[in-house]
Amino acid sequence: MSDVDAKVEAIAQEFSGEQKRYLEGLVTGLQAGRVAKGLQPVGAGANAMAAPAPPQTGPDAAHLQAQAAVEASGKKLVDPEKWKREEHPFDAYARFREQAAAGEFPKPHDNFRWRYYGLFYVAPTQNSYMCRMRIPNGILTAAQLEGVGRIATKYGGDYAHVTTRANLQIREIAADDAINVVEALQDVGLTSRGAGADNIRNVTGTPTAGIDPQELLDTRPFARAWHFHVLNDRSLTGLPRKFNVAFDGGGRIAALEETNDIGFQAVQVDEGAAVPAGTYFRLVLGGITGHKDLARDTGIVLKPEYATRVADAIVRVFIDSGDRTNRSKARLKYVLDDWGFEKFLAAVEAKLNHKLLRVAANDVLPRPEPDRIAHLGVHPQKQSGLNWIGLVLPMGKLTGDQMLAIAALARDLGDGDIRFTVWQNLIVSGIADDAVDIALQRIAAMGLSAKATAIRAGLVACTGNTGCKFAAANTKGTAEAIAAHIEARMELDKPVNIHLTGCHHSCAQHYVGDIGLIGAKVPVNEDGDTVEGFHIVVGGATGGNARIGREIIRDVKQEDCPRKIEQILRAYHAHRASHDEAFFAFANRLETAELNRLIEEQTP
């Protein structure tokens, strides 16, 4: 035993078994890093390079082994993989505090690491941090929302944005306040831990879970179980890429689980199937709409209480097999594309040490369809005499004062819960019948409303280039311009979902909107000058009709988008097969050339 090894052994005697495993994993990672750089391990003799590496243990072992396997195959790790190995972000908190105390913003390697704490340095669009938090199933208490409002006012830009993962993010955070935001969120019972970078992101669920007359299953306990499982198991951090999980209980408001890496869909299995009749989760895998793919049915059903165990096994197979050499190919979809579902599921079953249950598609009863406007307005709950009220938020924005007022409303007239949706709005639940009018008056006094036109009910926009360096256009401003233009000129008799996203990351999921716009630099002359604009896709859908939309128009200048959307909507009204034909059905019924001809015939 070398002197170094002897010292490590002596120190290790002072720690618990779990702490020892952690230290072993840390030392192994450092040794692996030295070997990768062509250096001898610490304390090694002249022949040590030829000796087999000791077995890796500790919470980071699987990640270190996967990284070592990549290098052993002659391939190169991408920089974020090297950064994770050189210093795990959760081991860098002391440096993060020092950096904040000095008022310094991070260099690229620390910008990546601090995302493990939910912090994104968003320069050059804003010379500040954005902080994203974790809200399991999208549900906060009144006290927590009040806390977020005060944090946003004190340390941020006095506002927060609701995201398309039923989450909140605070923007315009100064360098020296970054640590204050992270710790203040924990003070109010929230956390931002793991909300960014290569981690399992905020877990979503049916927004009306537990109060929805239509639901098959209350998703809250299962979303919370997964949330706490992830938070308390370090080995589930540092994946090859980010990972999304969603639970849909079959309620009136969709959770869009088919857009996630793992989707758990509540279903009813009929009599005569391979499993006893009852309520199960159906497992769907591989959704990533920015890469034009929706999660696909695996044929597997499981008892809801096993969801966390199965999700854990899926993530661990992904840890072992995900691409750590190419960030654009590092999502679960690409493992499934490469391996096929049966090979992947066999690996999951090996992790579980048992077979998963499969049922034929015709043994699963049709799922209840969501209501496309149930996230807005007043709706009766399954609890007699109580209602939920969905508030319209302008492009998902909430001011600090509005958060305080909504928290007070939920506490005074509701059940104390505030429920965020993937449609960038929120719901206050538990409002008694005789308190609805008072609640609506208080909402109006906040400068908000519970009513929305058909155009605004499904209007979704990512941050855009006012706050994200990847975006090619102003999404929220363009979305507002479209809504104002349409409202002034025509009345839609059916809701049409319009999603605006600024770049290929597709945070607003433009490929599943009835109409989707993706930011682009539009050429305006032969010299290569460009202006902000969008490409337009149509025909996307979710739920029972889920499909990826197709591009029909390219290079529309930003200022021309409202008129172009008007033309598209007028073509729909003029040429739909019947009054009941939905937009996605209309768009997918026609060939692209014919659809464009009908659009161009319309005069804005």
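Residues numbered from 1 in each chain as written. Predicted model: local features only at pLDDT ≥ 70, side-chain atom pairs only at ≥ 80, totals over all residues. Heavy atoms only, no water.

> Is there a simple way to think about the overall build of the chain in this case?
When helices and strands are counted, the chain shows 19 helices and 21 strands. Against the globule reference of 25 Å for 604 residues, the chain gives a C-alpha radius of gyration of 25 Å, in line with a compact fold. Taken along its principal axes, the extent of the C-alpha atoms in the chain is 80 × 65 × 55 Å. Here the chain holds 604 residues, and the buried ones make up 55% of them. Considering only contacts within the chain whose residues lie at least 6 apart along the sequence, 68% involve residues at least 24 apart. For the chain, the computed accessible surface area is about 24600 Å², with 51% contributed by carbon and sulfur atoms. Positive and negative side-chain charges in the chain, numbering 68 and 74 respectively, have mean positions lying 3 Å apart. (Helix = DSSP H or I, 4+ residues; strand = E, 2+ residues; numbered from the N terminus. Rg over C-alpha atoms; globule rule 2.2 N^0.38 Å. Buried < 20%, exposed > 50% of the residue type's maximum accessible area, 1.4 Å probe, protein only. Contact = heavy atoms within 4.5 Å. Areas by Shrake-Rupley, 256 points an atom, 1.4 Å probe, with all protein chains shown as cover. Lys, Arg positive; Asp, Glu negative; His and termini not counted. Charge placed at Lys NZ, Arg CZ, Asp CG, Glu CD.)

> What is the right way to read the pattern of salt bridges from this model?
Two side chains bearing opposite charge may form a pair once their charged atoms approach each other closely. Under the defined criterion, the tally for this structure stands at 42 salt bridges. Residue Asp320 is joined to Lys351 by a salt bridge in which the shortest nitrogen-to-oxygen separation is 2.8 Å. Residue Asp320 is located in helix H10 (residues 307–321), and its partner Lys351 is located in helix H12 (residues 341–352); the two are separated by 31 residues in the primary sequence. Overall, Asp320 belongs to the partly exposed group, its relative accessible area being 42%. Here Glu566 makes a salt bridge to Arg570, at a shortest N to O gap of 2.8 Å. On the criterion of helical spacing, the pair formed by Glu566 and Arg570 is a turn pair, its members being four residues apart in helix H17 (residues 561–575). Assessed through its relative accessible area of 26%, Arg570 is described here as partly exposed. (Salt bridge = Lys/Arg side-chain N within 4 Å of Asp/Glu carboxyl O.)

> Just checking my understanding: could you explain helix H4 (residues 79–86) for this structure?
Helical periodicity: at 3.6 residues per turn, an α-helix aligns residues three or four positions apart in one direction. Taken together, the buried positions of H4 are occupied by Pro80, Glu81, Lys84 and Arg85. Around the axis of H4, the buried residues are gathered within 140 degrees of arc, so they sit on the same side. (Arc of directions from axis to C-beta.)

> Please explain the environment of Val460 as it appears in this structure.
Structurally, the position occupied by Val460 is in strand S17 (residues 459–461). Measuring from C-alpha to C-alpha, the distance between Val460 and Arg224 comes to 26 Å, with 236 residues separating the pair along the chain. Contact partners of Val460, with chain neighbours within four places excluded, come to Thr164, Trp423, Gln424, Ile498, His499, Leu500 and Ala508.

> How should I be thinking about the packing of aromatic side chains in this particular structure?
Here a ring pair, both rings aromatic, is described through the centre-centre distance and the interplanar angle of the planes. Applying the stated criterion across every chain yields a total of 21 aromatic pairs. Residues Phe105 and Tyr121 carry aromatic rings whose centres are separated by 4.5 Å and whose planes lie at 15 degrees to one another, so their mutual orientation is stacked. You can see Phe105 sitting in the loop between helix H5 (93–101) and helix H6 (108–114) and its partner Tyr121 sitting in strand S1 (residues 119–121), a full 16 residues away along the chain. Here Phe105 falls in the partly exposed class, since its relative accessible area comes to 21%. Each member of the aromatic cluster is reached from another via a ring pair, and the members are Trp83, Phe90, Tyr93, Phe96, Phe112, Trp114, Tyr116 and Tyr117. (Phe/Tyr/Trp six-rings, centres within 6.5 Å; stacked < 30°, edge-to-face > 60°.)

> Is there a simple way to explain the packing of H10 against helix H11 (residues 332–339) in this structure?
Geometry of a packed helix pair, given as the angle between the helix axes and the separation of the axes. For the pair H10 and H11, interaxial distance at closest approach is 10 Å and the crossing angle is 80 degrees. Compared by their axis directions, H10 and H11 come out roughly perpendicular. On H11, the residues that touch Val317, Phe318 and Ser321 of H10 are Leu332, Val335 and Trp339. Counted by class, the contact of H10 with H11 contains five nonpolar, one polar and no charged residues. (Axes fitted to C-alpha atoms, helices over the stretch in contact; angles between N-to-C directions. Parallel < 35°, antiparallel > 145°, perpendicular 65-115°, else oblique. Nonpolar A, V, L, I, M, F, W, Y, C, P; charged D, E, K, R; others polar.)

> I would appreciate a short explanation of the sheet that holds strand S14 (residues 397–399) in the present structure.
Neighbouring strands of a sheet are bound in pairs by backbone hydrogen bonds; such pairs are parallel or else antiparallel. Pairing in this open sheet of five strands is antiparallel, and the strands run S1-S2-S5-S4-S14 from one edge to the other. Edge strands, defined here as strands with exactly one partner in the open sheet, are S1 and S14. Geometrically, the sheet is characterised by an average inter-axis angle of 25 degrees between neighbouring strands, direction not taken into account. Inspection of the sheet shows strand S4 (residues 159–162) paired to S14 by three bridges, in the antiparallel sense. Across the sheet, residue His161 finds its bridge partner in S14, namely Lys397. Seen against the sheet, helix H8 (residues 178–187) touches S1, strand S2 (129–132) and strand S5 (168–173) and runs at an angle of roughly 15 degrees to S2. (Pairing = 2+ DSSP bridges.)

> What should I look at first to understand the sheet that holds strand S15 (residues 417–420) in this one?
Spatial ordering of the open sheet is given by S3-S15-S16-S13-S12, a layout of five strands whose pairing is antiparallel. At either margin of the open sheet sits one strand with a lone partner, and together these are strand S3 (139–141) and strand S12 (377–380). Neighbour-to-neighbour, the strand axes of the sheet open up by a mean angle of 30 degrees, direction not taken into account. Here S12 pairs with strand S13 (residues 386–391) via four bridges, running antiparallel. Bridging from a neighbouring strand, Val378 pairs with Ile389 of S13. Along the sheet, helix H7 (residues 142–155) contacts S3 and S15; its crossing angle with S3, the most-contacted strand, is approximately 85 degrees. Seen against the sheet, helix H14 (residues 436–445) touches S12, S13 and strand S16 (426–432) and runs at an angle of roughly 15 degrees to S13.

> So what exactly am I meant to see when it comes to the pairing of S2 here?
Here is the key point about a regular strand: its side chains alternate between the two faces of the sheet. On S2, burial covers both faces: Tyr129 and Cys131 on one face and Met130 and Arg132 on the other are all buried. Taken together, the three bridges between S2 and S5 define a ladder with antiparallel strand orientation. Residue pairing across strands places Tyr129 opposite Ile173, the latter belonging to S5.

> In this structure, what is going on with the environment of Tyr306? I would like to understand it.
Summarising the element assignment, Tyr306 is placed in the loop between strand S10 (296–302) and H10. For the pair Tyr306 and Glu342, spaced 36 residues apart in the sequence, the C-alpha separation amounts to 20 Å.

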